[in-house]
Amino acid sequence: MINETALLESPTLRGSVLARTDVLDRVKALSLLPDGMHVTTAMVASYFDVGLEAIKSLVKDHRTELEASGYQLLTGEELRSFKNLSGIQSRTRSLALFPRRAVLNIAMLLRDSDVARQVRVYLLDTEYLARTQPVEKPAPLDAAALDARIDQRITHVLGTTVVPMFNALIETSSEHRRELIALRAGVQRIEKRLRQHHTRLQRLESPRENRPLAGVMAAMDAMNGREFEEHIAELLRRDGCTDVVVQGGGRDRGIDITALTADGRRVVVQCKRFAPHLSITSPEVQKFLGAAKVLHDSEVALFVATCPFTRDALDIAAESGITAVHRRLVEEWSAGAALGVLE
């Protein structure tokens, strides 16, 4: 049986279980880029609750192994082509991409992460079941088989055409009756297995509570600061705000966007497109408070960030009338939910 120490130390053992990427979602939902296949370095760091440097260090030390798992660094024409195909808007000159197999590979290399440890626990449990469960009760299907997307028409043909054909042959043949019965039983087993696989596939693909909205935050994580400000400005317009102006630049006096609500209240917005593993701190909220209330005399002040706020920052925002729009709220707002303070 594979144990955790062996998994951490042996590239061969890690490679033998890379197909079991379904264990990632058992621990924590993994948001993907709009292409539905990859994540960035920042997204990997966010998934494992570690800093960017921890992931970059692993890539540096195990680059060959991770490239075999699908990791790639896009530049030049490859990067431009990927941006065009995926719809990502970013001015970065290089982009590291990790498919789910490479993320699982990271989980088997990353020692100082509780999320990575939990992934390894699920992975080892799944591997143990696969090795010990009787053939009559097969272990849950791995991701490679699920990703094949079983064609249900095969099941239909087997059940409505092939099996009845064997029935007719068995009734009319005496010489090969035993062989035909055996073949019919084999076809029926295949039909049953296909139905079981389809049921498991439907269960795994069904909606889960608290699962991040696919692609919403991934698209924003790929934006630069100006693109993020324009995105928030569009959300304000969508929700009925007028006179929406993106300030930007060094003379914005601490405010990125100004607007008026539908009922005429003055809105000021500070936008921070930070990596998801960072946090907005209380000094940043206090600085925005001064600009919003003193310099701009706002009635609605929004501090919008692609990362969490510290507890102290949230307390100061609540006490001073600042609306802290943290990562999850930005996700919901971008996906169509209304921002209550604007109504």
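Okay, so let's go over this structure. In this text the structure is predicted, and so the values were computed from the model without any measurement.

Definitions and cut-offs
- Residues numbered from 1 in each chain as written.
- Predicted model: local features only at pLDDT ≥ 70, side-chain atom pairs only at ≥ 80, totals over all residues.
- Heavy atoms only, no water.
- Salt bridge = Lys/Arg side-chain N within 4 Å of Asp/Glu carboxyl O.
- Helix = DSSP H or I, 4+ residues; strand = E, 2+ residues; numbered from the N terminus.
- Buried < 20%, exposed > 50% of the residue type's maximum accessible area, 1.4 Å probe, protein only.
- Contact = heavy atoms within 4.5 Å.
- Polar contact = N/O pair within 3.5 Å; in protein donor to acceptor, adjacent residues only side chain to side chain.
- Phe/Tyr/Trp six-rings, centres within 6.5 Å; stacked < 30°, edge-to-face > 60°.
- Lys NZ or Arg CZ within 6 Å of the ring centre and 35° of its normal.
- Core = buried A, V, L, I, M, F, W, Y, C linked by side-chain atoms within 4.5 Å.

With that settled, the discussion passes to the pattern of salt bridges. Note on pairing: side chains with opposite charge can pair once their charged atoms come close. For the structure on display, the rule yields 16 salt bridges. Between Asp114 and Arg117 there is a salt bridge, with the nearest N and O atoms lying 2.7 Å from each other. Here Asp114 pairs with Arg117, and both are found in helix α9 (residues 114-132), just 3 residues apart, close to one helical turn. Residue Arg117 is classed as partly exposed on the basis of its relative accessible area of 33%. Three or more residues joined by partner-sharing salt bridges are found here, namely Arg226, Glu229 and Glu230.

This brings us to the environment of Asn105. The residue Asn105 is located in helix α8 (residues 100-107) in this model. With a relative accessible area of 1%, Asn105 lands in the buried category. Remark: the alpha-carbon pair of Asn105 and Val17, spanning 88 residues in sequence, is separated by 9.1 Å. Apart from residues lying up to four places away in sequence, Asn105 is in contact with Arg14, Leu18, Glu65, Leu66 and Ser69. Within the structure, Asn105 has its side chain in polar contact with the side chain of Glu65 (distance 2.8 Å).

The final tally for this structure, using the stated rule, is 4 aromatic pairs. Centre to centre, the rings of Tyr47 and Phe48 are 4.8 Å apart; their planes meet at 90°, and the pair counts as edge-to-face. Both residues of the pair, Tyr47 and Phe48, count as buried. The interplanar angle of 55° and the centroid separation of 4.9 Å between the aromatic rings of Tyr71 and Phe98 together place this pair among those described as tilted. Here the residue Tyr71 occupies a position in the loop between α6 (63-68) and β2 (72-75), and Phe98 occupies one in strand β3 (residues 94-99), the gap between them amounting to 27 residues. By the burial criterion, Tyr71 is buried, and Phe98 matches it. Here a set of aromatic residues connected by ring pairs shows up, and it is made of Phe288, Phe303 and Phe309. Directly above the aromatic system of Tyr47 lies the positively charged group of Lys28, at a separation of 5.7 Å from the ring centroid.

Right, let's get into the nonpolar core. Counting residues in each nonpolar core, the largest one holds 43 residues, and the members touching the most others are Phe48, Ile55, Phe98 and Ile106. For this core, the elements supplying multiple residues, two or more each, are α3 (22-27), α4 (41-48), α5 (52-61), α7 (76-86), β3, α8 and α9. The residues contacting Phe98, other than those within four sequence positions of it, are Met37, His38, Val39, Thr40, Thr41, Val44, Ile55, Val59, Tyr71, Val103 and Ile106. Membership of the second largest hydrophobic core comes to 24 residues, among which are Ile232, Val246, Cys271 and Val325.

You will see that Asp49, though not glycine, has its phi angle at about 55°, which is positive. Mapped onto the elements, Asp49 comes out in the loop between α4 and α5. By relative accessible area, Asp49 is classed as exposed at 57%. Residue Asp243 is not a glycine yet carries a positive backbone phi of 50°. Among the structural elements, Asp243 can be located in strand β4 (residues 242-246). Relative accessible area serves as the criterion here: at 55%, Asp243 is assigned to the exposed category.

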